[in-house]
Amino acid sequence: SKARSGAQDSAAKGASAAYTRLVKAHQGPVLQKRTLQSLVEQVDRNYKLERDVEEVLQELADDFIETVTTFGCILAKHRHSSSLQPQDLQLHLRMY
């Protein structure tokens, strides 16, 4: 129904805004370049990430976290809860 869709849009916008504030407070992407390079080195110490690749991976990680968080907030709101719980996130992750 339109009321449910409006509530979902509201929850999604709220989650997205909260995530944006988190990223700004963190002053950058959630996944730092050092972390990315460390992950690559675990596979092979000879590999180095190019700057463009680092940026794409950071953007993908940020988008993934925002999407999962937004969907989780919609589910929490659907449960009439103001708390995001692990099961809210797990349901979305099972869909991947």
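### Observations regarding the overall build of the protein chain
- Of the regular secondary structure elements, the protein chain holds four helices and zero strands.
- Along the protein chain, from the amino end to the carboxyl end, the secondary structure elements read α-α-α-α.
- In the protein chain, 49% of the contacts between residues at least 6 apart in sequence involve partners at least 24 apart.
- Summed over its atoms, the accessible surface of the protein chain is roughly 7200 Å², and 55% of this surface lies on carbon and sulfur atoms.

### Looking at the pattern of salt bridges
- Scanning all chains against the criterion turns up three salt bridges.
- In this structure, the salt-bridge partner of Lys33 is Glu54, at a minimum N-O distance of 3.9 Å. With Lys33 in helix 2 (residues 33-43) and Glu54 in helix 3 (residues 51-78), the pair connects residues that are 21 residues apart, well separated along the chain.
- For Glu54, a relative accessible area of 11% translates into the label buried.
- A salt bridge links Lys48 to Glu41, with the shortest nitrogen-to-oxygen separation between them at 3.6 Å.
- Taking relative accessible area as the criterion, Lys48 reaches 58% and is therefore assigned exposed.

### Remarks on helix 2
- Of the residues making up helix 2, those classed as buried are Leu36, Gln37 and Val40. Take helix 2 and look down its axis: the buried residues cluster within an arc of 95 degrees, on one side only. Turned more than 90 degrees from where helix 2 packs its buried face, Arg34 and Gln42 sit exposed.
- Where helix 2 is buried, its residues meet helix 3.

### So, the environment of Lys33
- Judged by its relative accessible area of 30%, Lys33 is partly exposed.
- For the pair Lys33 and Glu54, spaced 21 residues apart in sequence, the C-alpha to C-alpha distance is 6.5 Å.
- Setting aside chain neighbours within four positions, we find Lys33 in contact with Arg51, Glu54 and Gln58.

### Things to note about the side chain of His92
- Within the secondary structure, His92 sits in helix 4 (residues 86-94).
- Residues contacting His92, with those up to four places away along its chain left out, are Thr67, Val68 and Phe71.

### Observations regarding a negative patch on the surface
- Together, Glu50, Asp52, Glu55, Glu59 and Asp63 give the surface a local cluster of negative charge.
- Glu59 sits in the exposed class, given a relative accessible area of 54%.

### A look at unusual backbone geometry
- Not every positive phi belongs to a glycine, and His80 is a case in point at roughly 60 degrees.
- Tracing the backbone shows His80 in the loop between helix 3 and helix 4.
- His80 gets classed as exposed once you look at its relative accessible area, which sits at 76%.

Calculation criteria
- Residues numbered from 1 in each chain as written.
- Predicted model: local features only at pLDDT ≥ 70, side-chain atom pairs only at ≥ 80, totals over all residues.
- Heavy atoms only, no water.
- Helix = DSSP H or I, 4+ residues; strand = E, 2+ residues; numbered from the N terminus.
- Contact = heavy atoms within 4.5 Å.
- Areas by Shrake-Rupley, 256 points an atom, 1.4 Å probe, with all protein chains shown as cover.
- Salt bridge = Lys/Arg side-chain N within 4 Å of Asp/Glu carboxyl O.
- Buried < 20%, exposed > 50% of the residue type's maximum accessible area, 1.4 Å probe, protein only.
- Arc of directions from axis to C-beta.
- Patch = residues over 30% accessible without salt bridge, like charges linked within 9 Å, V, L, I, M, F, W, Y side chains within 5 Å.
- Lys, Arg positive; Asp, Glu negative; His and termini not counted.
- Charge placed at Lys NZ, Arg CZ, Asp CG, Glu CD.

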